[in-house]
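Listed here are the chains, written in short residue letters.
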Amino acid sequence: PDLEALRDVYASQFLIGAAITAEDLEGIRLELLSKHHNAATAENAMKPEALQPQKGTYTFEAADQMVNAALDAGLRMHGHVLVWHQQSPAWMTTRPGEGSPLDREEALDNMRTHIRAVMEHFGDRMISWDVVNEAINDNPSSPEQWKGSLRQSPWYHAIGPDYVEQAFLAAREVLDENPDWEIKLYYNDYNEDNRNKATAIYHMVKEINERYSQEHPGKLLIDGIGMQGHYGLNTNPDNVKASLERFISLGVEISITELDIQAGSDYQMTKQQADAQSYIYARLFQLYEQYAEHISRVTFWGLEDSKGWRAAFNPLVFDRNLQAKPAYYGIVDPDTFI
Ligand code: G3I
């Protein structure tokens, strides 16, 4: 109970977030959430299939409840996600029945309409949006050619390689119409510690932002890069550092959007594994502190180990009894711990 709050430890540097579900906003889970965090991301509740399951039918209730409860608890909300290849209804990109891609104009219209409706609905309750998620292939072979490194997703098939830029233009248009909103537009991806993947992301963001800046001097189209940070005990923090430095060199802000470090298996880990996990968390937070000037937010992909997408691998900072793991102590005091 007298643990130092993570959000206080890093208050002058960046926000500390967690991915949440509705049950994290009640009882002792809410206590843990709001004690240590000052930001949140809906783990699933704001994905396209959750918000517009059928064309023109918007289901905002659950997400609204979540966002309002999170704001009441003092958390800032990050929006995840507008354009993605998973958890997105087929109608957005694909013809019914035969499964072939929609015409470009129809898919573009679906994309723009979704982006506008969702951003306008949540308005300035959000601090940032993942506009496009996971557009780049894993370990692309010619990463300087970022267009050739794009994932062959339903959006890509229907619209073509400029779908990423088109998505950001649509989101930027909404922000331009609402100049009071302070919302940042993010490109978000995983395996960003892979050098080739980071290279492709770098070139994509660079080209899109340069094109935009030529017409809008001094302005960026893509404000930030989200480094998801789904790591394991074999992750080398030096590779994370290399990617972080390259992204910062683009002049964008960075958020660590989905941090977790898998250790052990079958819902168990040895003391050695727990310590190794703590060591990597400490190394990473040491790195984030070093570049804190460029980092807006560090968000864990969940609140505690018992739930979530990789629960069996004990990836988070608190255990199933909501108690601090060795990882917590590594994060609170990385220098001493390393
Ligand atoms: O809602 C259904 C429920 O009705 C059903 O009974 C149950 C049975 O399997 O499935 C439920 O849906 C699951 C959903 O999570 C909600 O729990 C899906 O099967 C499951 O696939 C889905 O997994 C999510 C995953 O994204 C899907 O892509 C994870 O919770 C979520 O943590 C994960 O998050 C992603 C980020 O959005 C993007 N980056 C990677 C990250 C981890 O994969």
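Residues numbered from 1 in each chain as written. Predicted model: local features only at pLDDT ≥ 70, side-chain atom pairs only at ≥ 80, totals over all residues.

**Considering the overall build of the protein chain**
Assigned secondary structure in the protein chain consists of 12 helices and 9 strands. Compactness check: the protein chain gives a C-alpha radius of gyration of 20 Å against a globular reference of 20 Å for 338 residues, within 12% of the reference. Viewed in the frame of its principal axes, the protein chain has a C-alpha envelope of about 55 × 40 × 40 Å. Looking at the protein chain as a whole, 48% of its 338 residues are labelled buried. Summarising the internal contacts of the protein chain: among those between residues at least 6 apart in sequence, 74% fall at separations of at least 24. (Helix = DSSP H or I, 4+ residues; strand = E, 2+ residues; numbered from the N terminus. Rg over C-alpha atoms; globule rule 2.2 N^0.38 Å. Buried ≥ 20, exposed ≤ 12 C-beta atoms within 10 Å, placed from the backbone. Contact = placed C-beta atoms within 7 Å.)

**Overview of the UniProt feature "active site" (unreviewed entry) in the protein chain**
Mapped onto this structure's residue numbering, the UniProt feature "active site" (unreviewed entry) falls at Glu258. Assignment of secondary structure puts Glu258 in strand S8 (residues 253-262). Glu258 gets classed as buried once you count the C-beta atoms within 10 Å, which come to 23. Beyond its immediate sequence surroundings of up to four residues, Glu258 is in contact with Ala19, Gln228, Gly229, His230, Thr299 and Trp301. (UniProt positions renumbered as here; feature names shortened; annotations may be inferred.)

**Some remarks on the packing of helix H5 (residues 104-122) against helix H7 (residues 163-177)**
Where H5 contacts H7, the two axes come as close as 9 Å, and the packing angle between them is 35 degrees. For H5 against H7, the interelement crossing comes out right-handed. Here Leu108, Met111, Arg112, Ile115, Arg116, Met119 and Glu120 of H5 lie close against H7, whose contacting residues are Gln166, Ala167, Ala170, Ala171 and Val174. A class-by-class count of the residues in the contact of H5 with H7 yields 8 nonpolar, 1 polar and 3 charged. (Axes fitted to C-alpha atoms, helices over the stretch in contact; angles between N-to-C directions. Left-handed = near helix turned anticlockwise from the far one by under 90°. Nonpolar A, V, L, I, M, F, W, Y, C, P; charged D, E, K, R; others polar.)

**Some points on the environment of Val131**
Residue position: Val131 is located in strand S4 (residues 126-133). Along the primary structure Val131 and Ala167 are separated by 36 residues, whereas in three dimensions their C-alpha atoms are 6.8 Å apart. Excluding residues that lie within four positions of it along the chain, Val131 makes contacts with Leu82, Val83, Ala167, Phe168, Ala171, Leu185, Tyr186 and Tyr187.

**Here's the deal with the environment of His294**
Along the chain, the position of His294 falls in the loop between helix H10 (271-290) and strand S9 (295-300). The class of His294 is partly exposed, set by 19 C-beta atoms lying within 10 Å. Taking the C-alpha atoms as reference, His294 lies 27 Å from Ile115; in sequence the two are 179 residues apart. Aside from chain neighbours lying at most four places away, what touches His294 is Ile248, Glu253 and Ile254.

**Quick notes on unusual backbone geometry**
Note that the residue after His80, namely Val81, is joined by a cis bond; omega there is 15 degrees. Although it is not a glycine, Asn139 sits at a positive phi angle of roughly 45 degrees. Take Asn139: it is sitting in the loop between S4 and helix H6 (154-159). Judged by local crowding, Asn139 falls into the partly exposed class, with 13 C-beta atoms found within 10 Å.

**Focus: the site of the ligand**
In the region of the ligand, the neighbouring residues are Glu43, Asn44, Gln86, Gln87, Asn133, Tyr190, Gln228, Glu258, Gly308 and Trp309. Among the residues making up the shell around the ligand, the classes are represented as 2 nonpolar, 6 polar and 2 charged. (Near = placed C-beta within 6 Å.)

**Details of the confidence of the model for the protein chain**
When pLDDT is averaged across the protein chain, the result is 97; 100% of the residues are at 70 or more. This complex was scored by the predictor with a pTM of 0.97 and an ipTM of 0.93. (pLDDT = per-residue confidence, 0-100.)

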